[in-house]
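Examining the three-dimensional arrangement
Here is how the chains run, residue by residue.
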Amino acid sequence: MLKNEDFIEVLGARVHNLKNIDVRIPREKLVVITGLSGSGKSSLAFDTIYAEGQRRYIETFSAYARQFLGSLERPDVDKIEGLSPVIAIEQKTTSKSPRSTVGTITEIYDFLRLFYARASDAYSYNTGQKMVSYSDAQIQQLILEEYADKKVSILSPVVRSRKGHYRELFEQIAKQGFLKVRVDGEVRDITKGMKVDRYKTHDIEIVIDRLKIASPSAATTVETEGNDKDKRLSETINTAMYHGDDVLMVLDNDTDEARYFSRSLMCPSSGISYPNPEPNNFSFNSPKGMCPKCKGLGKLYEVNLDKLVPDPKLSIKQGALAAHGPQKNNWVFKQLELIAERFKFKLSDPFEKIPKEAKDIIFFGGNEKFDIESKALGITRSYKIDFEGVATFIQNTFDANETTSLKRWAKEYMDKIPCPECNGSRLRKESLFFKVNDKNIAELAHMDIIELAEWFKNLEENISETQVKIASEIIKEVRTRLQFLVDVGLTYLALDRSSKSLSGGEAQRIRLATQIGSQLVGVLYILDEPSIGLHQRDNERLIYSLKQLREIGNSVIVVEHDKDMIEHADYVIDIGPAAGRHGGEIVSEGTPEEIKKHHTLTADYLNGTKEIEIPKQRREGNGKTLTLKGASGNNLKNVTVTFPLGKMIGVTGVSGSGKSTLINETLYPILNAHFFNGVKKPMPYKKIEGLENIDKVIDINQSPIGRTPRSNPATYTGVFSEIRNLFAKTPEAMIRGYKPGRFSFNVAGGRCETCKGAGLRVIEMNFLPDVYVECETCQGKRFNRETLEIRYKGKSIYDVLAMTINEAADFFENIPKIYRKIKTIKDVGLGYITLGQQSTTLSGGEAQRIKLATELSKRDTGNTFYILDEPTTGLHFEDIRVLMIVLNKLVEKGNTVLIIEHNLDVIKTVDYIIDIGPEGGRKGGKVMALGTPEEVAENKKSFTARFLKKELH
């Protein structure tokens, strides 16, 4: 029998819709909490257990520290016992900063930076030779050995291949007591006012000392007057190093050959030196490591001259310069007329006939004075061209960080290109010439995780013993972290992949791998649907990773709807029976086998009593198609895909195979630009055919809906505006002169001014959590007395916001504009939420469906193309069944619904599958299978087919 300390005991949980429940969760086990979307799973896992864990952690700080941290509210629960430190891995997408990459989130890149700073070999970017560095004693010894019996000059390089007249420099050198300098290979005395040609590049060295080195037989002395000649050489070296920035040059006076020595890393033949490497020399977020041109972003915007002059057959007068349009009476065109005078062409000539020098000035600007003789008047007129250049102006507008609209205007004529200086590697030139086993750090960051893991596998055999000694700990650490990324199915990512391009599921699994990598013990992990965006093939790996967390002594709680995950759990808690106010109770708990014996919704789907029906026959569609040819963005291998219209299409494939690139990054931007002038640029493709067969596109992606206490289903779906208009048209409101704004709780006028329309007042408690109390003026009704006196069918605006969707659907059934939107929310299974429920209290699955309802309630034309990206996020089997009914209705009306999905319950019900693969990352990007689910299931190469076959039979 398990003892009390083997459980986390939650007593009397009442957060959100939980009905005062008591639950015992076994520790050091894999526990799945499941149930309908909105039944209270997250309320138990995150808002009760995690919130209490966080609060207890913050309580350990002193009262002084807590007042800066802000305290957390105690969840509405009587008691929680047996709670360990809690780490939540939620669905929140990662940082949107362009500087954040997979390498920086997982911290693997930090280890690589340390590895390169301590164990890499430096090479010269001029000659490719290995760099060397010496101590002062070694330099002295080398000079004595190599220049025995020779006359030498010891020099300090101060200027290398730079333009300028350097008058001040020569004065400064003279003031320091030096008499000679070597300028461009010639030794000269410093004279007063001495300077060099400012427009040529120069090399300047200070002559520190001239000596004759003794032969070794003369007991390594220096034949010059004075005692202790050795000391003289060492002082000379010291002075030369001081003035030459740790570099000196020894010049053989007879042969004029020079050799460089440096305390830092230096190329023995060309004399260029690198600073000694530190980890931040390899960071693209530090000024020491970032490429100076693109500031460590790897990409730049550059003006594309073809976009500036899209049709060179047009003349400037007709508007060949797209940015300026046809000729106008303004300064720019006056300057263009002058350029035309100077280069003997007319503004009415086709642009392609204009001479090249004139085009250069038009694009890049110039300053020039010229004279033109007027034969008729017999006089000469002087003109001055002072033109910035069209391309230069656009580039400067973009760089000057003006307003967003100006930047967007400039972007129309620009291309985003890899930075020419660092080739997209983000690092400065010197950092890329530190190598380990012939690879620099940028090359490692560009490899797929699986290739990188392979490279590290046999690394010790390919590097020197010293390197192994220095880096053995780092190598071990990197290997284990890479292995965890492989285990959670992220083999296709590269460390330099920008984190803003990751999906929610990928970001969550990266955090999971990072957590497993930290090898903590005795911790309670709470995960929110980690299987999102993961193909069935990788699900087994994910479950294995979670079991590993459990094996090393942690407790794992997973909020999940996935069948495999539930069946692999040690213990399952099913919350229900329905959602919202009809949920919040524990309907069954136990091992997966025990759960299946109960008669709950979840059990019915697990044991096959209920299932999502496979349609008797697949739809034929309307015979029309949309064809995308030659898509080659990211990892797509020049694919051509035909989308049959009037059907439900499923786009499938393992994670990272290129589904989102094909649909969200290529197809949707093309359609959006065509129908709604969207500004997002599609990924590269050759052509698209069949646009005339559809007349509208609606995209429902994964970005979360606005989560603020002032946002609610009524405001998000836009139905609240219609309800306010309706109230403003009631006779009483018209007599009083109330406009729709009177019925908004966000603007002054109709709202209660004591609580500013929030219905609650915040009482600050300094180092205790803030307390929210009902506003005493409006009793939580958000509006003032006058506004609430206006009634429609006996209900005030507050009463309407307090209605559930089901009640509102009956109440407004005679008002088509309002009814249509409310009916859609009801159809997606959200009849139980209230119109005015705060968005912050909606679960992930509910928020996803509110968003779906908003888009689906837009009028369809019968030729609308819907794109849904994983609409089953956060949905239970029953919710998916309801959702599929709504989507099928849309297809019945002749629309096309395209769904990117991994969920087999959805895939088996679609009419046509486009399967992309075979693997993720570079090994993906090909079309593996096309056709009905039955046809695709027979495909031998596709991973989706293997799992789909089991579902169909």
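Now for a look at the structure at hand. (Residues numbered from 1 in each chain as written. Predicted model: local features only at pLDDT ≥ 70, side-chain atom pairs only at ≥ 80, totals over all residues. Heavy atoms only, no water.)

Here we take up the overall build of the protein chain. Counting its regular elements, the protein chain contains 34 helices and 34 strands. Projected onto its principal axes, the C-alpha positions of the protein chain cover 110 × 95 × 65 Å. For the protein chain, with 953 residues in total, the buried portion stands at 51%. Here the contacts in the protein chain between residues at least 6 apart in sequence split such that 68% fall between residues at least 24 apart. Of the roughly 44,700 Å² of accessible surface on the protein chain, 49% is carried by carbon and sulfur atoms. Separation of charge centres in the protein chain, based on 135 positive and 129 negative side chains, amounts to 5 Å. (Helix = DSSP H or I, 4+ residues; strand = E, 2+ residues; numbered from the N terminus. Buried < 20%, exposed > 50% of the residue type's maximum accessible area, 1.4 Å probe, protein only. Contact = heavy atoms within 4.5 Å. Areas by Shrake-Rupley, 256 points an atom, 1.4 Å probe, with all protein chains shown as cover. Lys, Arg positive; Asp, Glu negative; His and termini not counted. Charge placed at Lys NZ, Arg CZ, Asp CG, Glu CD.)

When we look at burial in helix α34 (residues 943-952), the residues that qualify are Phe-943, Thr-944, Ala-945, Phe-947, Leu-948 and Leu-952. On its buried side, α34 packs onto α18 (536-551), β26 (648-652), α32 (904-907), β33 (912-917) and α33 (933-937).

We now examine the environment of Gln-536. As for its placement among the helices and strands, Gln-536 is situated in helix α18. By relative accessible area, Gln-536 is classed as buried at 12%. Placed 119 residues apart in sequence, Gln-536 and Ser-655 show a C-alpha to C-alpha distance of 9.7 Å. Among all residues touching Gln-536, those that are not within four sequence positions of it are Asp-564, His-902, Leu-904 and Phe-947.

A separate point is the nonpolar core. Judged by nonpolar contacts, the single largest core of 138 residues is most densely connected at Phe-115, Phe-456, Ile-723, Phe-812 and Leu-887. Apart from residues lying up to four places away in sequence, Leu-887 is in contact with Met-648, Leu-856, Leu-868, Val-897 and Ile-899. Counting 32 residues, the second-largest nonpolar core is a separate cluster that includes Val-332, Leu-338, Ile-394 and Met-414. (Core = buried A, V, L, I, M, F, W, Y, C linked by side-chain atoms within 4.5 Å.)

Right, let's get into the packing of helix α30 (residues 844-856) against helix α31 (residues 877-892). The description of two packed helices rests on the angle between their axes and on the distance between the axes. Two elements in contact, α30 and α31, have axes separated by 12 Å at closest approach and are oriented at 10°. If you check the angle between α30 and α31, you find them roughly parallel. Contact residues: α30 offers Arg-849, Leu-852 and Leu-856, while α31 offers Asp-879, Leu-883, Val-886, Leu-887 and Leu-890. Among the residues forming the contact of α30 with α31, the class breakdown is six nonpolar, no polar and two charged. (Axes fitted to C-alpha atoms, helices over the stretch in contact; angles between N-to-C directions. Parallel < 35°, antiparallel > 145°, perpendicular 65-115°, else oblique. Nonpolar A, V, L, I, M, F, W, Y, C, P; charged D, E, K, R; others polar.)

This next bit is on a positive patch on the surface. Taken together, the side chains of Lys-96, Lys-299, Arg-408, Lys-411, Lys-416 and Lys-500 define a basic patch exposed on the protein surface. Secondary-structure assignment places Lys-96 in the loop between β5 (86-89) and α3 (102-106). For Lys-96, a relative accessible area of 53% translates into the label exposed. (Patch = residues over 30% accessible without salt bridge, like charges linked within 9 Å, V, L, I, M, F, W, Y side chains within 5 Å. Salt bridge = Lys/Arg side-chain N within 4 Å of Asp/Glu carboxyl O.)

Further remarks concern the side chain of Glu-870. By secondary structure assignment, the location of Glu-870 is in the loop between β31 (864-869) and α31. It is Lys-659 that comes nearest to the buried, bridge-free Glu-870 among opposite-charge side chains, at 6.5 Å. If sequence neighbours within four positions are ignored, Glu-870 has contacts with Ile-532, Gly-533, Gln-702, Gln-848, Ile-900, Glu-901 and His-902.

The next thing to look at is the packing of aromatic side chains. The geometry of an aromatic ring pair is captured by the separation of the ring centres together with the interplanar angle, meaning the angle of the planes. Counted under the stated rule, the structure contains 29 aromatic pairs. Residues Phe-727 and Phe-743 carry aromatic rings whose centres are separated by 5.6 Å and whose planes lie at 45° to one another, so their mutual orientation is tilted. With Phe-727 in helix α24 (residues 719-728) and Phe-743 in the loop between α25 (731-736) and β29 (760-765), this pair connects stretches of sequence that are 16 residues apart. The class for Phe-727 is buried, based on a relative accessible area of 0%. The exposure class of Phe-743 is buried, given its relative accessible area of 0%. Ring centres of Tyr-738 and Phe-743 lie 6.4 Å apart, and the angle between their planes is 75°; this geometry places the pair in the edge-to-face category. (Phe/Tyr/Trp six-rings, centres within 6.5 Å; stacked < 30°, edge-to-face > 60°.)

The next subject is the pairing of strand β8 (residues 180-183). The pairing of β8 with strand β9 (residues 186-189) spans four bridges and is antiparallel. Its bridge partner being in β9, Val-183 is matched across the sheet by Glu-186. (Pairing = 2+ DSSP bridges.)

The omega angle of the peptide bond from Gly-576 to Pro-577 is 0°, so this bond is cis rather than trans. Looking along the chain, the bond that leaves Gly-917 and enters Pro-918 is cis, with omega of 0°. Along the chain, Pro-918 falls in the loop between β33 and β34 (926-931). Located in the positive-phi region is Glu-870, a residue other than glycine, with phi close to 45°. The class of Glu-870 is buried, set by a relative accessible area of 10%.

The next thing to look at is the layout of surface pockets. It is the rolling of a water-molecule-sized probe over the atoms that shows where space remains empty. Counted as a void, the second largest pocket has a volume near 720 Å³. In terms of lining residues, the second largest pocket is bounded by 36 residues, among which Gln-536, Asp-562, Lys-563, Asn-903 and Asp-905 are the most central. Listed by contribution, the elements that provide at least two residues to the lining of the second largest pocket are α18, α19 (563-568), α31, α32 and α34. (1 Å grid on protein atoms, 1.4 Å probe; cavity = no way out; pocket = protein on both sides within 12 Å on 5 of 7 lines; lining within 4 Å. Points joined across faces, edges and corners; volume = space filled by probe spheres on them.)

Before going further, it helps to spend a moment on the pattern of salt bridges. Applying the stated rule across the entire model yields 59 salt bridges. Close ionic contact of Asp-110 with Arg-113 constitutes a salt bridge, the shortest N to O distance being 3.1 Å. Of this pair, Asp-110 and Arg-113 both sit in helix α4 (residues 108-119), three residues apart, which is roughly one turn of that helix. In this structure, Glu-934 engages Arg-618 in a salt bridge whose closest nitrogen and oxygen atoms are separated by 2.9 Å. Taken together, the positions of Glu-934 in helix α33 and Arg-618 in the loop between α21 (601-606) and β24 (625-631) put the pair 316 residues apart, joining distant regions of the chain.

Two elements in contact, helix α5 (residues 136-146) and helix α7 (residues 229-243), have axes separated by 10 Å at closest approach and are oriented at 120°. The angle between the axes of α5 and α7 places the two elements in the oblique class. The interaxial crossing formed by α5 with α7 has right-handed handedness. Across from Asp-136, Ile-139, Gln-140, Ile-143 and Leu-144 in α5, the residues of α7 making contact are Asp-230, Leu-233, Ser-234, Ile-237, Asn-238 and Met-241. Looking at the contact of α5 with α7 residue by residue, the classes come out as six nonpolar, three polar and two charged. (Left-handed = near helix turned anticlockwise from the far one by under 90°.)

The strand order across the open sheet formed by six strands is β9-β8-β10-β7-β11-β12, and the pairing between neighbours is antiparallel. One side of each edge strand has no neighbouring strand; the edge strands of this open sheet are β9 and β12 (258-262). On average, each strand axis in the sheet is tilted by 35° relative to the strand beside it, whichever way the strands run. Of the strands in this sheet, β7 (151-163), β10 (201-212), β11 (247-252) and β12 touch α7, which is tilted by about 165° from β10.

Our focus in this paragraph is the sheet that holds strand β3 (residues 30-35). Overall, mixed pairing links the six strands, which are arranged β5-β20-β21-β3-β22-β23 in an open sheet. The sheet is open, and its two borders are formed by β5 and β23 (585-590), each paired with just one other strand. Taking each pair of neighbouring strands and ignoring which way they run, the sheet shows an average axis angle of 20°. Here β3 runs beside strand β21 (residues 555-559); their pairing, made up of four bridges, is parallel. The residue of β21 that forms the bridge with Ile-33 is Val-559.

Across the seven residues that make up β24, a large majority, five, are buried. In terms of strand pairing, β24 meets strand β25 (residues 639-644) through five bridges, oriented antiparallel. Counterpart to Leu-626 in the pairing with β25 is Phe-643. Note: β24 against strand β27 (residues 687-689), three bridges, orientation antiparallel. Counted as the bridge partner of Thr-627 is Glu-689 from β27.

Function cannot be inferred from these measures alone, as they are strictly geometric.
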